[in-house]
Amino acid sequence: MNNPARAAILTARLPRVTGGPSERIRAAQPTPDQVGSSSGPSGELLQSGEGPIVDVEHVNLSFRREKGEMQVLVDVSLSAYKNEYVALTGPSGCGKSTLLRIIAGLTMASTGMVKFRGQEIREPRAELAMIFQNFVLLPWKTSLDNVVFGLSSRNDLADLEKKKIATEALEDAGLGGFENVYPGELSGGMKQRVGIARALALGPQVLLMDEPFSALDNLTADRLRREIYSLLMNPTSSIQTVIMVSHNVEEIVELADRVVVLSPRPGHVIVDLKIDLPRPRNKKSDEFMLWVDKLYSYLA
Amino acid sequence: MILALIFSIIFSLAVGIIAARNHRAETVIIPLLDVLQSIPILGFFPFVIFAISGLIPGQAGYSLAVVFLIFTSMSWNIAFGVYEAVKSIPQDYIDLSFMSKSTSLQRITSLYIPASLSRIAYNTQTSWAVGLFYLVSSEIITEGATRIPVRGIGVDIITYGLAKDYTAYFYSILLLVIAVIIWQFVFLREFSLWAERYKFVEEPRAVSRDPLMKFYHWVNQKSVSKLFLLRPARGATSLTASVARYRRGLKYAILILLAVFLVFEVAATLNSARAGLAGFNLSALPSDESRVLVALATSFVRIWYVYFIVIAVAVPLGIVIALNERLYNSMVPVIEVIASVPAPILLPALVPATMIAGAYAGELTAAIVIFTGMIWYVLFNVMAGIRTLPAELFELRASLRVSTLQAWRNIYLPAIATAFVTGSITAVGAAWNTLIVAEYFVGNGTVPITQVGSGIGKVIVIATTQNDLSTLALAVLSMTALVVAFNLTVWRRVYHFVTKRYAYNR
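A brief structural summary. Predicted model, so just to flag it, every value in this text is computed and none were measured. (Residues numbered from 1 in each chain as written. Chains lettered and ligands numbered in written order. Predicted model: local features only at pLDDT ≥ 70, side-chain atom pairs only at ≥ 80, totals over all residues.)

## Some remarks on the overall build of chain A
Working step 1: Per the secondary structure count, chain A includes nine helices and ten strands.
Working step 2: Pairs at least 24 residues apart make up 71% of the contacts formed inside chain A by residues separated by at least 6 positions. (Helix = DSSP H or I, 4+ residues; strand = E, 2+ residues; numbered from the N terminus. Contact = placed C-beta atoms within 7 Å.)

## Some remarks on the overall build of chain B
Working step 1: In terms of regular secondary structure, chain B is built from 19 helices and two strands.
Working step 2: Burial status across chain B gives 39% buried among its 506 residues.
Working step 3: Intrachain contacts of chain B at a sequence separation of at least 6 include 77% that bridge at least 24 residues. (Buried ≥ 20, exposed ≤ 12 C-beta atoms within 10 Å, placed from the backbone.)

## Regarding the nonpolar core
Working step 1: Of all hydrophobic cores here, the largest spans 88 residues; its most connected members are Ile370, Met374, Val378, Val382, Ala431, Ile460 and Ala475 of chain B.
Working step 2: Core analysis: the next-biggest nonpolar cluster, separate from the first, contains 79 residues, Ala104, Ala169, Leu232 and Trp291 of chain A among them. (Core = buried A, V, L, I, M, F, W, Y, C linked by C-beta atoms within 7 Å.)

## What about the pairing of strand E2 (residues 68–80) of chain A?
All names here are of chain A.
Working step 1: Where strand E1 (residues 54–65) lies against E2, nine bridges are found, and the strand directions are antiparallel. The partner of Asp55 across the bridge, within E2, is Ser79.
Working step 2: In sequence, E1 turns back onto E2 through a hairpin of two residues. (Pairing = 2+ DSSP bridges.)

## Here we look at the environment of Pro348 of chain B
Residues and elements named next belong to chain B.
Working step 1: Relative to the elements of secondary structure, Pro348 occurs in helix H13 (residues 347–354).
Working step 2: When the 23 C-beta atoms within 10 Å are taken as the criterion, Pro348 is described as buried.
Working step 3: As for Pro348 and Arg401, which are separated by 53 residues in sequence, their C-alpha atoms are 51 Å apart.

## Quick look at unusual backbone geometry
All names here are of chain A.
Working step 1: Following Arg265, the chain continues into Pro266 via a peptide bond in cis, with omega recorded as 0°.
Working step 2: Note on placement: Pro266 falls in the loop between strand E9 (258–262) and strand E10 (269–274).
Working step 3: Cis geometry marks the peptide bond from Arg279 to Pro280, where omega comes out at -5°.
Working step 4: Phi at His58 takes a positive value of approximately 45°, unusual for a residue other than glycine.
Working step 5: By the element assignment, His58 lies in strand E1.
Working step 6: Residue class for His58 comes out exposed when judged on the 12 C-beta atoms lying within 10 Å of it.
Working step 7: Although it is not a glycine, Val136 adopts a positive phi angle of roughly 55°.
Working step 8: Tracing the chain through its elements places Val136 in the loop between strand E6 (128–131) and helix H4 (143–150).
Working step 9: The class of Val136 is buried, set by 23 C-beta atoms lying within 10 Å.

## Some thoughts on the sheet that holds E9 of chain A
Residues and elements named next belong to chain A.
Working step 1: Here six strands make up an open sheet; going across it, the order is E6-E7-E8-E3-E9-E10 and the pairing mixed. The outermost strands of the open sheet, each flanked by one partner alone, are E6 and E10. For this sheet, the mean inter-axis angle between neighbouring strands, taken without regard to orientation, is 15°.
Working step 2: As defined by bridge partners, strand E3 (residues 84–89) adjoins strand E8 (residues 241–245) across five bridges and the pair is classed as parallel. The residue of E8 that forms the bridge with Val86 is Ile243.
Working step 3: In this fold helix H9 (residues 286–299) packs onto E3, E9 and E10, with an angle of close to 20° to the strand it touches most, E9. (Axes fitted to C-alpha atoms, helices over the stretch in contact; angles between N-to-C directions.)

## Side note on the packing of helix H6 (residues 188–201) of chain A against helix H7 (residues 218–233) of chain A
Residues and elements named next belong to chain A.
Working step 1: Relative orientation of the contacting elements H6 and H7 amounts to 30°, with a least axis distance of 9 Å. The angle between the axes of H6 and H7 places the two elements in the roughly parallel class. In contact with Gly188, Gly189 and Gln192 of H6, H7 contributes Thr220, Arg223 and Leu224.
Working step 2: Of the residues belonging to the contact of H6 with H7, the class tally is one nonpolar, four polar and one charged. (Parallel < 35°, antiparallel > 145°, perpendicular 65-115°, else oblique. Nonpolar A, V, L, I, M, F, W, Y, C, P; charged D, E, K, R; others polar.)

## Details of the packing of H13 of chain B against helix H14 (residues 361–387) of chain B
Residue and element names in this part refer to chain B.
Working step 1: At a minimum axis separation of 9 Å, H13 and H14 run at an interaxial angle of 140°. Taken as axis vectors, H13 and H14 run oblique relative to one another. The element H13 and its partner H14 pack so that their crossing is right-handed. Each of Leu350, Val351 and Thr354 in H13 lies in contact with H14, whose residues at this interface are Ala361, Leu364, Thr365 and Ile368. (Left-handed = near helix turned anticlockwise from the far one by under 90°.)

## Looking at the interface of chain A and chain B
Working step 1: On the side of chain B, 19 residues touch chain A, which itself brings 16 residues to the contact.
Working step 2: Here the side of chain A that touches chain B is built from residues that sort into eleven nonpolar, four polar and one charged.

## Observations regarding the environment of Ala256 of chain A
Residue and element names in this part refer to chain A.
Working step 1: Within the element layout of this structure, Ala256 appears in the loop between helix H8 (249–255) and E9.
Working step 2: A sequence separation of twelve residues divides Ala256 from Met244, and the C-alpha atoms of the two residues are 8.4 Å apart.
Working step 3: Excluding residues that lie within four positions of it along the chain, Ala256 makes contacts with Tyr85, Val86, Ala87, Met244 and Ile275.

In short, geometric facts, not functional conclusions.
See below:
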């Protein structure tokens with residue numbers, strides 16, 4: 001995975017935000033008329049090091065029901081910076097998955113907005129990729145074709161190139177050799193690996209994960225958790241920020257740099273903590289246990 | 001109609017539950033239902049008339065025959081629904097009922113029946129429209145065959161139409177449509193909604209303030225409380241290898257018999273097509289029989305070319321409507337009502353219209369009638385296929401920013417594959433039944449108002465009116481043999497393949 005040649009292919013293929021704006025980055029971004037007028041200070045993308053990658057600003061969400069308005073999210077704000085692994089948690093029904101979908105651009109907030117590098121997110125973009133709790137693979141396509149399907153929006157790539165990228169992504173996710181296997185023949189853990197490969201194939205900067213390990217058995221989930229941090233946050237990966245929804249406290253303390261806790265419905269931010277445990281994290285250490293207890297106290 | 005429905009449901013419940021819970025019964029009942037469901041019903045109707053009129057002559061006899069026909073048309077479908085529903089009750093619930101030591105009757109009323117209700121409701125909706133078709137067709141055929149005036153909407157409407165009394169024709173159709181609408185909204189919809197609450201999947205639903213719903217609620221509570229009474233527990237049974245072998249054996253036996261018949265027919269058809277209708281040479285078959293087999297082959301081809309037109313229309317239409325929430329909600333009631341209007345009623349209006357096709361008018365009329373008989377099955381199944389897709393699949397599509405064309409190719413079309421096949425199987429099966437009306441129609445006169453050059457439906461109708469029992473027997477039996485053989489060989493394989501590869505289940 002850490003082959004410099006392959007890293008070069010991945011990074012050369014997929015535009016990254018580095019120093020000043022480059023032409024290829026421009027080409028990959030939505031044109032100004034697609035972006036709302038109420039975006040960041042200059043309407044252009046903020047460059048790295050200049051502020052939050054993802055910014056949630058005073059988001060409210062409510063639905064109209066027969067009995068009246070149902071508030072789901074109330075005045076939620078948070079910022080995710082470069083190299084941060086953010087966990088979003090709270091009791092069932094608090095709206096954390098909904099908030100993730102607002103960040104992804106799949107749902108619109110009633111009031112408030114979400115920004116990616118200063119630009120308002122109104123619809124899904126290539127820079128933010130999503131991994132689903134139930135994998136959502138297409139059962140009639142092989143693993144490789146599922147990852148290739150993830151590259152659907154890249155019309156500039158030839159089929160052969162897409163296959164190459166997809167093959168590499170599967171290898172990185174630990175599924176080398178399983179390209180021609182159908183999802184029906186894969187275990188839960190392997191399906192999620194395909195989901196991961198599919199999400200990473202586009203070289204996104206932000207990874208949004210909706211309870212990615214909760215549909216897996218404990219052993220598989222453990223194995224994936226151990227791999228996921230290095231897979232996502234290593235220097236050759238395009239990922240700069242991760243936002244993960246989870247209700248597993250141990251998982252959060254093991255993986256996250258920061259945790260945002262939402263209250264029961266209607267969800268608002270109770271606390272936004274920085275988990276300063278050193279990596280690699282030792283699940284049996286006292287500090288770890290203390291953090292777990294602390295987090296539980298906020299959730300209870 | 002209602003009588004037939006009630007009998008159907010009772011019969012289906014009995015058969016379905018027995019089949020699902022008793023494995024020996026299962027091995028016999030299910031293949032039998034399979035075959036019975038495939039048999040084109042109207043083909044047997046002439047026999048039913050002769051049989052029952054022999055026993056109970058006069059008006060009562062014919063009414064009974066009609067009820068019986070409609071009963072058969074609905075039962076197999078509903079029985080299958082019950083079977084599937086009871087089979088898919090999660091084992092936990094069954095264990096619970098045994099452990100609470102409830103009696104068989106309690107188990108039936110509080111577990112099996114509620115579990116089957118949503119399937120019964122759904123199948124009733126589709127069976128209802130089908131039943132109406134048969135009702136109208138059988139009224140017409142009965143009249144044609146026996147010259148006894150039968151009272152019924154179908155006959156009345158056709159009579160008005162043929163007499164060119166267009167105002168009466170129009171108004172009676174309107175009346176029928178209104179009756180269907182009322183029936184639909186008063187009964188069928190309530191039935192469906194009520195049955196929804198018996199599903200095993202937890203779905204948050206708005207509770208209705210409707211007094212009818214409150215009554216159902218009360219009934220529900222009464223039966224749930226009965227579940228927890230005491231009785232000695234029994235061990236659970238499991239499907240043994242020998243029972244599985246019985247099933248397969250039975251299937252193969254039927255298959256082989258019909259394959260032989262089919263081969264015979266194909267050979268006869270090819271032979272006669274080569275040698276011309278007169279003077280063909282297939283030993284032991286007089287030329288009468290060859291006419292029948294040629295007619296069968298012609299009808300076969302006819303059904304299939306109409307099928308391709310049907311899918312070209314129904315698949316895109318179904319997907320488009322089902323994807324759009326507002327469109328779906330507004331169109332579905334309309335479609336349901338249109339689908340309930342039986343095709344034969346339209347014939348008096350259709351025939352003058354297709355005159356423009358000149359020599360092909362009969363063929364065009366037949367094609368249109370068959371089309372209307374098939375399209376609803378495919379359309380409804382495709383729409384249901386889309387509606388049952390989980391939201392996350394659409395979220396995936398949006399988050400990957402997949403274009404419309406790509407979405408259709410990679411997501412929507414594969415996703416409906418199983419529903420499409422199910423719909424196709426039912427549609428083609430229904431098509432055979434429409435032939436009796438589509439290919440040769442006399443109405444209340446003696447001269448046919450529409451007919452095709454050659455077709456098995458035509459053969460059957462003419463043979464019935466001429467009391468030509470031997471030809472009739474050959475026609476009906478060969479048609480049945482072809483349909484059943486085709487089901488077992490082609491459809492079964494296709495269905496198996498499609499469910500394996502294309503079914504969306506996580």
